[in-house]
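Survey of secondary and tertiary structure
Residue-level listing of the chains:
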Amino acid sequence: HSNREMWFKHFFPPNVCPIDAKANTFYGIMFDAGSTGTRIHIYTFVQKSPENLPELEGEIFESVKPGLSAYADQPEKGAESVKRLLDMAIEAVPPHLWKKTPVVLKATAGLRLLSEEKAQALLLEVREVFEESPFLVPEDSVSIMDGSYEGQLSGQNQHTVGTLDLGGASTQITFLPRFEETLKETPGDFLTSFEMFNSTYKLYTHSYLGFGLKAARLATLGALNVEAVDGQMFRSSCLPKQLEAEWHFGGVKYQYGGNKEGETGFKPCYLEVLKVVKGKLHQPDEIRGSSFYAFSYYYDRAVDTNLIDYEQGGVLEVKDFERKAKEVCDNMERYNSASPFLCMDLTYITALLKEGFGFRDNTLLQLTKKVNNIETSWTLGATFHLLQSLGITH
Ligand SMILES: O=c1ccn([C@@H]2O[C@H](COP(=O)(O)OP(=O)(O)O)[C@@H](O)[C@H]2O)c(=O)[nH]1
Ligand SMILES: [Ca+2]
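All residue numbers refer to position in the chain's written sequence, counted from 1. Here chains are named by letter from A upward and ligands by number from 1 upward, in the order in which they appear as written. Predicted model: local features are reported for residues with pLDDT of at least 70 only, side-chain atom pairs are reported and counted for 80 or more only, and whole-chain, interface and lining totals are derived from all residues. Side-chain metrics rest on all non-hydrogen atoms present in the structure, leaving aside hydrogens and water.

Re the site of ligand 1
One heavy atom within 4 Å of a molecule or strand makes the whole residue count as near it. Taken together, 19 residues sit near ligand 1, with Ser35, Thr36, Thr108, Ala169 and Asp300 positioned nearest. Whenever two N or O atoms come within 3.5 Å, that pair is a polar contact, provided that in protein one can donate a hydrogen and the other can accept it, and provided that, for residues adjacent in sequence, both atoms are side-chain atoms. In this structure, an oxygen atom belonging to ligand 1 sits 2.6 Å away from a side-chain N or O atom of threonine 108. Serine 170 places a polar main-chain atom, nitrogen or oxygen, 3.1 Å from an oxygen atom of ligand 1. For ligand 1, whose free accessible area comes to 530 Å², the fraction covered by protein is 87%. Segments assigned H or I by DSSP are reported as helices when at least four residues long, segments assigned E as strands when at least two residues long, and all are numbered from the N terminus. Of all elements in the fold, only α4 (109–112) and α9 (297–304) reach the threshold of two or more residues within the shell around ligand 1. Under the convention adopted here, Pro, Cys and the residues Ala, Val, Leu, Ile, Met, Phe, Trp and Tyr are nonpolar, Asp, Glu, Lys and Arg are charged, and Gly plus all remaining residues are polar. Classifying every residue of the shell around ligand 1 gives four nonpolar, 10 polar and five charged. Each domain's extent is set by a domain assignment, obtained either automatically or from a database. Looking at which domains feed residues into the shell around ligand 1, each of domain 1 (3–147 + 377–389) and domain 2 (213–371) supplies at least three. A 1.4 Å probe and the Shrake-Rupley method give the accessible areas. Residues count as covered only by the protein chains that appear here.

Structure follows, in structure tokens:
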């Protein structure tokens, strides 16, 4: 719009301005098909002028459980769960914008753990749901994402340089390196370049498949990538002594239990968990003392153990997770009203932070669910990118 067309803008509040309300509002629908659930993000962007970047105006968010991978043998049922969420977008997006609103689903780690054939069958059914909807279905609208896109960066305060995300099947670390040294000693595929304000930046971002919280449970039990699971009993010192139970993950049934006769508690548990993480992750020196945002299961387990408030989030030190892990693991019988995996989860988080990434005991973690009232997720960056690549925004 030329300035001549826009002169009247100043007489209207932004949400009533006819230009703002129509021509400059865009929607984008992004599905996050994670290993434990499927989520829809319906974003609204407003572009105030062609030379400015579009601004995020709002988000509608909804989620369902379980994730698509639980429908490995019933792909139509999986697609149905997506359709129910997509119906929300039909309500939310004004009909005249349906055709201009792209819908995309990106599956994360959970689907990468299924067989190619089962994963593709699921994606095909979802693609059909999209085709039957009134929305814009770009090429490649349904896919399994390369792990590095799940990284996300936040710059709320100057000393917080990166983010940590702990999913069910995979875990991500992302930060903007400050030292040349870090770039030199980092494997090439951990770095991605991006352009902003005519400069090129290098971002450190990596997704470790198999290091999500639920995959780590299986690894600790010795059940990850084991051929015959049928009838086998997996035991751990991280579980209540008398426990014997079943667990379904990625379409497989596992039997697991506590060390009936042997040891239990934080010490033996930490040694077990250590085998899963020690020496397996790249440890960039410069992050040891930096503070990080931490999302997903870091947040959930901190809430479960009253380390932070569910609504408020909070700031923790790495050693707070360790203290809580000791408290829970050394009093397992007292905590058994919650998940039987609480001790293992907290111990894994502690080991992952200290021995995996190499953080110090006093490294600060900012636990957050929302930044500026928007659910923090890789989906926002991905939607932004999508709208730009389709030429819907400038
Ligand atoms: O929008 C989201 C997406 C994920 N999660 C959390 O992320 C964890 C599960 O990760 P996910 O199912 O995405 O597993 P992945 O596929 O990333 O391994 C759980 O703690 C969820 O509560 C969340 O809080 N909000
Ligand atoms: Ca995730």
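Quick notes on the UniProt feature "binding site: ATP" (unreviewed entry) in the protein
UniProt records the feature "binding site: ATP" (unreviewed entry) for Gly168, Ala169, Ser170, Thr171 and Gln172 in the present numbering. Relative to the assigned elements, threonine 171 resides in strand β7 (residues 170–175). Contacts are assigned to residue pairs that have any heavy atoms within 4.5 Å of one another. Ignoring any residue separated from it by four or fewer positions in sequence, one finds threonine 171 in contact with Asp165, Leu166, His206, Ser207, Tyr208, Phe211, Gly212, Tyr298 and Leu352. Polar contacts involving the side chain of threonine 171 include one to the main-chain carbonyl oxygen of aspartate 165, which spans 2.8 Å. The topology assignment puts glutamine 172 in strand β7. Those residues in contact with glutamine 172 that lie beyond four places of it in its chain are Gly147, Glu150, Gly151, Thr163, Leu164, Asp165, His206 and Ser207. UniProt positions are given in the numbering used here, feature names are shortened, and annotations may be inferred rather than shown by experiment.

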